[in-house]
Amino acid sequence: MEGLALAAEARPSRLFVHTFGCQMNEYDSLRVQRLLAQDGYTLSSDPSEADVIFINTCSVREKAEQKVFSLLGRLRRFKQRKPSLVIVVGGCVAQQLGSALLERFPHVDLVVGTRALGSLPHLLRSLRGGTPRVAHLPEQDEEGWRELFGLTDTWRTDIVAPVTVMQGCDNFCTYCIVPYVRGRERSRPSGEILREVHLLVEKGAREVLLLGQNVNSYGRSLDEKLRFSDLLRMIARETDVARIRFTTSHPKDLTEDLVQCFSDIPQLCPHIHLPFQAGSDRVLERMNRRYTAQDYRRKVDLLRAACPEIGISADVMVGFPGETEEDFLATLDLIRDVRFDTLFSFRYSDRPFAAARLFPDKVSEAEKARRLTELQSLQAAITLEKNREEMGRVRPVLVESESKSKDGLMSGRTPQNRIVNFPGSPALKGRIVSVKITEAYAHSLKGRLLDEECSDTEAALPNRPFAGTELGDHGP
Ligand code: SF4
């Protein structure tokens, strides 16, 4: 067993992990934990007990970056109390700032870029062998990539298990830092993904969430020339997974073959996260989004024609440089037209490297705040209205956990991705059950259990007595 400064001690080295940001970061952290487990590390939930603290960071918004700095500042006293402690910073802030992080936080030992996480065990061993503190930010790290994604085991398996299918982005939206910190698009071979899904299902996963900065462009970097729709069909055909979801999709890459999957693949949940960012063509052009508001509306029509009950969520931002009141009103119009089930809304902020940081005519913070409040109150009314439309319907719910409010309820999701809480036993975890919706709130539904065993396809059949009219922060 190897394990940094405490290798000589009898007990295994303890690893504490804190993850900021998106589901892809969560996934990367799980993979890092699994890699380090092979080096003898055990996971600790207490940073003061840890021998290594790994902070996986996000820089997609300024606020996320500030949270990272604040945590790193607080970790100084941990290092003072225990000088053998090793502090590692990985992810997007690490990639963005590199050795500047080592200078600003002298108690940080290792800075590991987004493409080098697979090399972390090796880097930790070198550090233990006396190599000085380092920022490791290679352009590519083939060996590390293979190490990280080639794992044939998982650290833990959840009922809903994430699976990264591609990373990076070639789109260069003018507000976005991702192509600079995550690098160019890169897809995983389908065989590797299928093996992982098989393994997760074998270990108890019922749903897989396929992750990528822009999953719609899956396959472009592969020799096997697969489209994302082909990958979805393969997973549905060749594995026993009950539910498949994916995130995130760029509207310009939402092709008809992918839309068709929503009518053809029973395991594919009728839900899509399709960020639109703005409803004004002038702003969309300045954002380099490469679609118009009308294109977006047409894609939504296509999706609803293929799958009338599809749930649609999106990201939108207010206060992009040069956004006028008229542009903002066009965004509100699009929200009214589409009637999103959920919307993640943000204020624009300048990001390093991103082209829009140099755009003039910045919108004031006060104006951004006013627009955000107005937009959020419009969407809150729509979400509540749509949630109320659910009342009286019967939905198949994949039970994931006890409800967060700890009120003895169980919690799960409908295929459209709505959270449903209902009285039930923890033994239902992992089952798809039939729930009649009785109450609707701003962010969730409440229901009554009707049937302890059903499937999404059974519940979706219109002639079933309980069939209703029913059936991921930043993104593309
Ligand atoms: S917003 Fe999405 S599509 Fe655009 S550059 Fe960023 S990651 Fe790529």
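Source: prediction; values computed, not measured.

J.: Would you take a moment to explain unusual backbone geometry for this structure?
T.: Glycine aside, residues mostly have negative phi angles, and peptide bonds mostly take the trans form. Here the amide bond leading from Thr-247 into Thr-248 is cis, since omega sits at 10°, within 30 degrees of zero. Here Thr-248 shows up in the loop between β11 (243-247) and α11 (256-264). Located in the positive-phi region is Asn-288, a residue other than glycine, with phi close to 60°. Its place among the elements puts Asn-288 in the loop between α12 (281-286) and α13 (293-306). Even without being glycine, Phe-353 reaches a positive phi, approximately 70°. With respect to the secondary-structure elements, Phe-353 resides in the loop between β14 (342-347) and α15 (365-389). Its 14 C-beta neighbours within 10 Å are what place Phe-353 among the partly exposed residues.

J.: Sorry, what's going on with the domain arrangement of the protein chain here?
T.: A common way to express how large an interface is: the accessible area buried when the components associate. The domains assigned to the protein chain are domain 1 (4-144), domain 2 (157-269), domain 3 (278-388) and domain 4 (394-460). Each of domain 1 and domain 4 was reduced to a C-alpha centroid, and the two centroids are 37 Å apart.

J.: Sorry, what's going on with helix α6 (residues 120-128) here?
T.: Helical geometry note: an α-helix holds 3.6 residues per turn, so side chains three or four residues apart project in the same direction. By the burial criterion, the buried members of α6 are Leu-120, Pro-121, Leu-123 and Leu-124. Buried residues of α6 fall within an arc of 165° about the axis and therefore sit on the same side. Check the buried side of α6 and you find it contacts α1 (23-38), β3 (52-57), β4 (86-91), β5 (110-112) and β6 (134-136).

J.: How should the pairing of strand β18 (residues 432-440) be read in this particular structure?
T.: Regular strands have side chains that alternate between both faces of the sheet. Pairing of strand β15 (residues 394-402) with β18 involves 5 bridges; the strand directions are antiparallel. By the bridge assignment, Pro-396 is partnered in β18 with Ser-434. In the sheet, β18 pairs with strand β19 (residues 445-451) via 6 bridges, with the strands oriented antiparallel. Each residue of the ladder has a partner; that of Glu-439, found in β19, is Lys-446. Here β18 hands over to β19 after 4 residues, the two strands then running antiparallel side by side.

Cut-offs used in this document
Per-chain numbering applies: the sequence of each chain, read as written, is numbered from 1 onward. This being a predicted model, a pLDDT of at least 70 is required before a residue's local features are given, and a value of 80 or more before pairs of side-chain atoms are given or counted; all residues contribute to the totals for chains, interfaces and linings. By definition, any uninterrupted DSSP run of H or I lasting at least four residues is a helix, any uninterrupted run of E lasting at least two residues is a strand, and each is numbered from the N terminus. As a rule, residues whose C-beta atom has 12 or fewer other C-beta atoms within 10 Å are exposed, those with 20 or more are buried, and those in between are partly exposed; C-beta atoms are placed from the backbone. The domain boundaries here were taken from an automatic or database domain assignment. Think of the arc as the fan of directions from the helix axis to the C-beta atoms. Contacts are defined on C-beta atoms placed from the backbone: any two residues whose C-beta positions lie within 7 Å are in contact. What makes two strands pair is DSSP finding at least two bridges between them.

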